[in-house]
Amino acid sequence: KAGVTQTPRYLIKTRGQQVTLSCSPISGHRSVSWYQQTPGQGLQFLFEYFSETQRNKGNFPGRFSGRQFSNSRSEMNVSTLELGDSALYLCASSLDGKEGETQYFGPGTRLLVL
Amino acid sequence: AQKVTQAQTEISVVEKEDVTLDCVYETRDTTYYLFWYKQPPSGELVFLIRRNSFDEQNEISGRYSWNFQKSTSSFNFTITASQVVDSAVYFCALSELVGEYGNKLVFGAGTILRVKS
C-alpha cells in the first residue's frame, strides 16, 4: 500500500498570505489528523477529520482550518500567515481514528513564512 | 492532562554501542496506548511500536527492544549494537482520547540520537 502523501513538500510564503496544504491518506483509512512541528513547541495536534467532519481540534487560532473530502483526502488552510507559522506540518492517517489506533505519518510540508 | 517526558535531549554514541532512550508518561486513564516514532532528517515520522496499558510484556524486534513498566510510568527504548542509520530524532507518544471519538497523540520533546562511525 502506498503511504501517506503530502503536497507540496516545501513552501515559502510572506506574512499576510494564505496557504493550502494537501494530504492523501493510506488507502482505506478514513481518519486524517494534522500536526504542527516547531523547534520551540514540538509536535502539536491541530485537528482531526473523519467522514468529512472535523471531530477534534487542538488549541490553535481560527486562522487554521481544514476539510476532508469524500475520498478521505484532506486539506488544511492557514490564512493571514504570521512568521510563527513557519513549521513542518505533518499529516497522519489511521483506519477509523479510534483511541489507540496507530497513526501513520506523511513526509510533511515545510512552510517558511518570510 | 496527558504528558510525556523525554529528559534526554541529545545522545551521542559510537557505532555498535547499546543505547537506551527514556520515556516517562503521565495519565489518569486506566486504558492508554504508548508509541515510539523515529524521525530521520527527511522529516517523516516512522512508526516503530504501539503498546497498550494491559500488555506489560517487553518486546524485541531485531536490534530494538522496549521495556514497559507501569509501576514507574516508563516506556524505554533500547537499540542494541547501534548503527549510523539509527541516527534520528526519536519520539515517545501517548494516545489521548478526545471527546467521544477520535484520539490525538501527545508527544514528548524527542531525543536526538547521533551514532558516530
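These remarks concern the structure in this document. These figures come from a predicted structure and were not determined experimentally. (Residues numbered from 1 in each chain as written. Chains lettered and ligands numbered in written order. Predicted model: local features only at pLDDT ≥ 70, side-chain atom pairs only at ≥ 80, totals over all residues. Heavy atoms only, no water.)

As a further point, take the overall build of chain B. Scanning chain B from N- to C-terminus turns up zero helices and twelve strands. Across chain B, helices and strands are ordered from the amino to the carboxyl terminus as β-β-β-β-β-β-β-β-β-β-β-β. Compactness check: chain B gives a C-alpha radius of gyration of 14 Å against a globular reference of 13 Å for 117 residues, within 12% of the reference. Taking the principal axes of its C-alpha atoms as reference, chain B extends roughly 50 × 30 × 20 Å. Considering only contacts in chain B between residues 6 or more positions apart, those separated by 24 or more positions represent 54%. Accessible surface for chain B amounts to roughly 5800 Å². Of this, 47% is attributable to carbon and sulfur atoms. Here chain B contributes 11 positive and 14 negative side-chain charges, whose respective centroids are spaced 2 Å apart. (Helix = DSSP H or I, 4+ residues; strand = E, 2+ residues; numbered from the N terminus. Rg over C-alpha atoms; globule rule 2.2 N^0.38 Å. Contact = heavy atoms within 4.5 Å. Areas by Shrake-Rupley, 256 points an atom, 1.4 Å probe, with all protein chains shown as cover. Lys, Arg positive; Asp, Glu negative; His and termini not counted. Charge placed at Lys NZ, Arg CZ, Asp CG, Glu CD.)

All names here are of chain A. The buried count for strand β5 (residues 42–50) comes to eight of nine residues, which makes it a mostly enclosed element. Bridge analysis of strand β4 (residues 31–38) against β5 gives eight bridges, and the strand direction is antiparallel. Counted as the bridge partner of Gln-36 is Gln-44 from β5. Connecting β4 to the next strand, β5, in antiparallel fashion are three residues. In textbook terms, the turn of a hairpin is the stretch between consecutive antiparallel strands, and for β5 and strand β6 (residues 53–57) this stretch comprises two residues, one of which, Ser-51, has a positive phi near 50°. (Buried < 20%, exposed > 50% of the residue type's maximum accessible area, 1.4 Å probe, protein only. Pairing = 2+ DSSP bridges.)

Once that is clear, we can look at a nonpolar patch on the surface. A cluster of nonpolar residues, Ile-12, Leu-112 and Leu-114 of chain A, forms a patch on the protein surface that exposes about 300 Å² of accessible area. Mapped onto the elements of the fold, Leu-112 of chain A is located in strand β11 (residues 109–113). (Patch = residues over 30% accessible without salt bridge, like charges linked within 9 Å, V, L, I, M, F, W, Y side chains within 5 Å. Salt bridge = Lys/Arg side-chain N within 4 Å of Asp/Glu carboxyl O.)

Within the structure shown, the criterion is met by 21 aromatic pairs over all chains. Geometrically, the ring pair formed by Tyr-35 of chain A and Phe-105 of chain A is tilted, given 5.5 Å between the ring centres and 50° between the ring planes. You can see Tyr-35 of chain A sitting in strand β4 and its partner Phe-105 of chain A sitting in strand β10 (residues 104–105), a full 70 residues away along the chain. Each member of the pair, Tyr-35 of chain A as well as Phe-105 of chain A, is classed as buried. Among the aromatic side chains, those forming a connected cluster through ring pairs are Tyr-35, Phe-45, Tyr-104 and Phe-105 of chain A together with Phe-35, Tyr-37, Phe-47, Phe-91 and Phe-107 of chain B. A cation over an aromatic ring shows up here: Arg-55 of chain A above the ring of Phe-50 of chain A, its NZ or CZ 4.3 Å from the ring centre. (Phe/Tyr/Trp six-rings, centres within 6.5 Å; stacked < 30°, edge-to-face > 60°. Lys NZ or Arg CZ within 6 Å of the ring centre and 35° of its normal.)

Residue and element names in this part refer to chain A. Scanning all chains against the criterion turns up two disulfides over all chains. The residue that forms a disulfide with Cys-23 is Cys-91, at a sulfur-sulfur distance of 1.7 Å. Across the S-S bond of Cys-23 and Cys-91 the torsion is about -50°, and the bridge reads as left-handed. In this pair, Cys-23 sits in strand β3 (residues 19–24) while Cys-91 sits in strand β9 (residues 87–94), placing the two residues 68 residues apart along the sequence. (Disulfide = S-S within 2.5 Å.)

Such coordinate-based values are descriptive only and should not be taken to indicate function.
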